[in-house]
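# Tertiary structure, described
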Amino acid sequence: MRRALQLTQEEFAACYRIPLNTLRDWEQGRSEPDQTAQAYLKAIAGNPEAVYQALQFIPQ
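Not measured: the values here are computed from a predicted model.

### Details of the overall build of the protein chain
When you go through the protein chain residue by residue, the secondary structure sums to four helices and zero strands. Each helix and strand of the protein chain, ordered N terminal to C terminal, gives the series α-α-α-α. Computed over its C-alpha atoms, the radius of gyration of the protein chain comes to 11 Å, within 12% of the 10 Å expected for a compact globule of 60 residues. In terms of its C-alpha atoms, the protein chain occupies a principal-axis envelope of roughly 30 × 25 × 25 Å. Out of the 60 residues in the protein chain, the part that is buried amounts to 23%. With the model as given, the accessible surface of the protein chain reaches about 4,400 Å², and the carbon-plus-sulfur share is 52%. Of the side-chain charges in the protein chain, 6 are positive and 7 negative, and the distance between the mean point of each set is 1 Å.

Written out as structure tokens, the structure is:
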């Protein structure tokens, strides 16, 4: 999905507020997303722009 969006790991992690090390672990098969993270990733896959825009209203 990240590659389909043409984002680097760093860009994807920053845009969707996923810790970079967590993203790397998922992509390298060292761990798998839990159920909540899987749902979040499905939301991103379904409408990445809407998820990104929604996050702009939530303070970091």
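### Regarding the environment of Arg17
Inspection of the secondary structure assignment puts Arg17 in the loop between helix 1 (9-16) and helix 2 (20-27). Arg17 sits in the partly exposed class, given a relative accessible area of 29%. C-alpha separation for the pair Arg17 and Tyr52, spaced 35 residues apart in sequence, amounts to 9.3 Å. Of note is the side chain of Arg17, whose polar atom sits 2.7 Å from the backbone oxygen of Ile58.

### Concerning the packing of helix 1 against helix 2
In the contact formed by helix 1 and helix 2, the axes pass within 9 Å of each other and the chain directions differ by 120°. Relative to helix 2, helix 1 is oriented oblique. Relative to helix 2, the crossing made by helix 1 is right-handed. Of the residues in helix 2, those in contact with Gln9, Glu10, Phe12 and Ala13 of helix 1 are Leu20, Leu23, Arg24 and Glu27. Class assignment of the residues belonging to the contact of helix 1 with helix 2 gives a composition of four nonpolar, one polar and three charged.

### Some thoughts on the packing of aromatic side chains
Aromatic rings considered in pairs are described by the distance between their centres and by the relative angle of their planes. All told, the structure shown has one aromatic pair when counted by the stated rule. Ring centres of Phe12 and Tyr16 lie 5.0 Å apart, and the angle between their planes is 50°; on these two criteria the pair is classed as tilted. Remark: Tyr16 and Phe12 occur in helix 1; sequence separation between them is four residues, near one turn of the helix.

Conventions and cut-offs
- Residues numbered from 1 in each chain as written.
- Predicted model: local features only at pLDDT ≥ 70, side-chain atom pairs only at ≥ 80, totals over all residues.
- Heavy atoms only, no water.
- Helix = DSSP H or I, 4+ residues; strand = E, 2+ residues; numbered from the N terminus.
- Rg over C-alpha atoms; globule rule 2.2 N^0.38 Å.
- Buried < 20%, exposed > 50% of the residue type's maximum accessible area, 1.4 Å probe, protein only.
- Areas by Shrake-Rupley, 256 points an atom, 1.4 Å probe, with all protein chains shown as cover.
- Lys, Arg positive; Asp, Glu negative; His and termini not counted.
- Charge placed at Lys NZ, Arg CZ, Asp CG, Glu CD.
- Polar contact = N/O pair within 3.5 Å; in protein donor to acceptor, adjacent residues only side chain to side chain.
- Axes fitted to C-alpha atoms, helices over the stretch in contact; angles between N-to-C directions.
- Parallel < 35°, antiparallel > 145°, perpendicular 65-115°, else oblique.
- Left-handed = near helix turned anticlockwise from the far one by under 90°.
- Contact = heavy atoms within 4.5 Å.
- Nonpolar A, V, L, I, M, F, W, Y, C, P; charged D, E, K, R; others polar.
- Phe/Tyr/Trp six-rings, centres within 6.5 Å; stacked < 30°, edge-to-face > 60°.

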